[in-house]
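Topology and contacts: notes
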Amino acid sequence: MEMMLFLLLLSLVLGGGGLALFLWALRSGQYDDLDGAASRILFDDPPRQPAADTTPEERRRRA
Amino acid sequence: MSESLAPSAEAVCAHCGLAAPADQRFCCPGCAAAFDTIRAMGLDSYYAQRLLDPAVRPPRPDGEVRQGLARLATTGADGTHTLLLAVDGLQCGACVWLIEQMLSRTPGVTQGRVNMTTRRLRLSWRGPLEDATRLVGVIEALGHRLVPFDQAQLETARDQTGRRLMRALAVAGFAAGNVMLISIAIWAGVFQGMGPATRDLLHWISALIAMPAIAYAGRPFFVSAWAALRQGRSNMDVPISIGVILVTAMSLVETMQGGEHTYFDSAASLVFFLLIGRVMDHSARAQARASAEQLLALQTGDVTIIDPAGLTRSCPASSVEPGWQILVGMGERIGVDGEIVCGHTTLDASLVTGESLPAAAGPGAVVYAGTVNLGLAITVRATRTGEATLLADCVRLIEAAEQRRGRFVVLADRVARRYAPVVHLCAALTFLYWWAIAGASVGQSLLTAAAVLIITCPCALALAVPAVQVISTGRLMRAGILLKSATALERLAEVDTVVFDKTGTLTLPSLVLLNGHEIEPSDLRLAAGLAASSRHRLSQALLAASGPAPVAPGVVEVPGFGLRMVGPTGEIRLGSRPFAGNRSAPLATGPELWLSRPGRAAVGFRFGEQPRADAGPVMRALERMRIQVSILSGDQPEAVAEMAELLSISRWEGGCSPVDKVARIEALKQAGRRVLMVGDGLNDGPCLAAASVSISPSSAADLSQTVADVVFQGERLAPVLAVLRMARRTRTLMRENIGLSLVYNVLMVPLAISGHVTPWLAAAAMSGSSLLVLANSFRARGERLMAWK
């Protein structure tokens, strides 16, 4: 009986985790472009440039 | 596909893939510059990995500088500006990669991400707002056209609905999976001697999972059913909601009394299955609508305004205010409604009034957005939309027609209206029989009645229609046909009369070179070389006739007159009759271009309208489908008669005003006909709205495209046939599906009424019938769309 309660809880926790992950993926926009995701995998990311998300001034200051 | 970088025998431009001069690697300096930029950035693996799609606009830079972008950008709290742009000319994943890599190496850009499904680029940057022009220029230099969206108008509730449905689907899936898992334990326990205490515990856990999940995930159905009931109507969601709520309530009562059977698993999986249908249906349509929005956005261009100081600058047509003066060059499309202030010219109003022959216009003449200026440059003073009588008339007529159209009741709802009362009566009689006649307890009788509801709950029925629709919509979308309306396919299936507009619908939207056979191929090639550097409508028509041509070097545009270049023997000109033509040649009825060069007689190119290549076979195929075909046109009766004879159409009418056209359509509908209107002009807008269902080509006026239920792309007319055929096939499959689910009900309901249905049997039967219906729906994929027979 205790075993069954444990298994029940475990299945709920695992299922709930899956649900939470899916909702997170949905919120972060991972289902917005399924075609793009399918073809993106085929292309290499060239080594990242000196952090592209900084402005030239910031880069100079850092260097 | 890898492309050779060395010049090949046919000489194809190494960047854009169009024809190039024999000894050159590139067709134009723009392509050479783009190639160099890509090499310099170390991104030349793009050329090895891309796959040029001939149906997509080739990546040839046109050197246009887009203005007024900053106005449409939004600025976030952290000072980051964001712009949403439609991308034209996305060939494949490599283009997406190139654009994103290019932007990631551009200083200032914080995010540049292309959505390949919707073909939109989200561009964020830090720094001055005016950087928009520079950043967009980086991508336009590669040959992709970018058109900004007005984000305020775009990010509508549509995506919100999609996400809400997805969340509901996730919750329903979680609940259905877990409750089913527990249910299997309960069913197995029956054979293995599970004690009642354990069973009750498992029932309680099922209830705790299923009830909140159903309350959350079932909302789309409950809301829709409630809305229908409040208006005194019924739809498919009413029996679904009643079924789900009653079954859940009964199961709860049963659980509290420590009963043997509960149906939480059935209720949860029912909601889950139905939501799958909803989500797919929604996303298919959302995608079609996004594509339609994209097409519209790409059509709108900038206009050149003359400010009070006499200087010119370009800005988006939507931001022009009444009273502003606008310069419309030769071959440009007029972007606003207004009146001509100065200049005499010839105007092609085919997209507005349906007249195929250009007409002369001078100061004081009223012009409408969508008219093309074929002659000299003119200045137009913008007026308010309300003042422009034709547009205002059309909008008013459309509104009136849409009100008269009435609400179309879809097949599923029609079935539900007859089906629901029968089912509910059945359940009630079952309860009365068991309680009053057979002498069972109230709880036992209610439970049997609930089993009837579960078995008859229209799961397969509610999946039957959306499943077929989703597959058909996707199939049509891949063929370039966008279904914007949810009920379009069902309305199309009933069509028995098709009314075509002539200009731009039966005929090609652009002008066509008429006397190509009289012209020496070398003259045509020379003229095309000059024309390749111009965006004039006639130049484009000339290029279309000659096939892709390398751009001749050193071509100068003489605004309002034509093009000229210095050749080996002297000046070569391509342009209007006074500029390059033979003044004594007989006057042409349509627009013309002349090519002159030293020592040779000037060559005249005449242009006119031409029916779409497959118009004839499409008419014949429609007649074979027993569909009556007719033409309603705003053009001169003589021109319409000629076209009707050419295509052997016996019913036609010319010289129709928008009001006339609506009256004809209404008369046909009064006579009991189901009318499909196919039209593109502004003047067709009202009858597109008045007809039972409507289609417009993607070259149509904005207003008409917005009103039409279906938009198709391409130069052929076959999509009209394809969509009608697909609609009929869809209707057949829907009826088969509904038939299948009714047969299942007839077989299972006696079992339920006699009290022999247990929860596991209900679950198995429900899944089985849903799978059967889904499998049948996939037969819609096999339909051959564009075949004639």
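The rules behind each value
- Residues numbered from 1 in each chain as written.
- Chains lettered and ligands numbered in written order.
- Predicted model: local features only at pLDDT ≥ 70, side-chain atom pairs only at ≥ 80, totals over all residues.
- Heavy atoms only, no water.
- Domains from an automatic or database assignment.
- Contact = heavy atoms within 4.5 Å.
- Buried area = accessible area lost by both parts, 1.4 Å probe.
- Salt bridge = Lys/Arg side-chain N within 4 Å of Asp/Glu carboxyl O.
- Polar contact = N/O pair within 3.5 Å; in protein donor to acceptor, adjacent residues only side chain to side chain.
- Helix = DSSP H or I, 4+ residues; strand = E, 2+ residues; numbered from the N terminus.
- Nonpolar A, V, L, I, M, F, W, Y, C, P; charged D, E, K, R; others polar.
- Axes fitted to C-alpha atoms, helices over the stretch in contact; angles between N-to-C directions.
- Parallel < 35°, antiparallel > 145°, perpendicular 65-115°, else oblique.
- Phe/Tyr/Trp six-rings, centres within 6.5 Å; stacked < 30°, edge-to-face > 60°.
- Buried < 20%, exposed > 50% of the residue type's maximum accessible area, 1.4 Å probe, protein only.

**A closer look at the domain arrangement of chain B**
Buried accessible area, meaning the area lost when the parts come together, often serves as the stated size of an interface. Residue and element names in this part refer to chain B. The assigned domain composition of chain B is domain 1 (1–152), domain 2 (302–401), domain 3 (480–508 + 612–728) and domain 4 (512–608). If you average the C-alpha positions of domain 2 and of domain 3, the two centres end up 27 Å apart. Facing 14 residues of domain 2, the contacting portion of domain 3 comprises 22 residues. Taken over both partners, the interface formed by domain 2 and domain 3 buries close to 1400 Å², and the fraction arising from carbon and sulfur atoms is 70%. On the domain 2 side of the contact with domain 3, Leu351, Leu397 and Ile398 bury the most area, a combined 37% of that side's loss. The interface formed by domain 2 and domain 3 contains zero salt bridges. Across the domain 2-domain 3 interface, the total number found is zero residue pairs in polar contact (both at pLDDT 80 or more). Looking at the side of domain 2 that touches domain 3 element by element, the count peaks at seven residues for helix 12 (residues 389–405). Of the residues contributing to the side of domain 2 that touches domain 3, the split by class is nine nonpolar, four polar and one charged.

**Side note on the packing of helix 13 (residues 411–437) of chain B against helix 26 (residues 718–753) of chain B**
Residues and elements named next belong to chain B. Remark: helix 13 packs on helix 26, axes separated minimally by 12 Å, with the N-to-C direction vectors making an angle of 0°. Looking at the two axes, helix 13 sits roughly parallel to helix 26. Each of Leu411, Val415, Tyr419, Cys426, Thr430 and Trp434 in helix 13 lies in contact with helix 26, whose residues at this interface are Met734, Arg735, Ile738, Leu742, Asn745, Val749 and Ile753. Its residues assigned to classes, the contact of helix 13 with helix 26 shows 10 nonpolar, two polar and one charged.

**Quick look at the packing of aromatic side chains**
Residues and elements named next belong to chain B. Enumeration according to the criterion identifies eight aromatic pairs over all chains in this entry. Consider the rings of Phe26 and Phe35, whose centres lie 5.1 Å apart with planes at 55°: the pair is tilted. Exposure class is identical for Phe26 and Phe35. Each is buried. Within the aromatic cluster, the residues linked to one another by ring pairs are Phe26, Phe35, Tyr46 and Tyr47.

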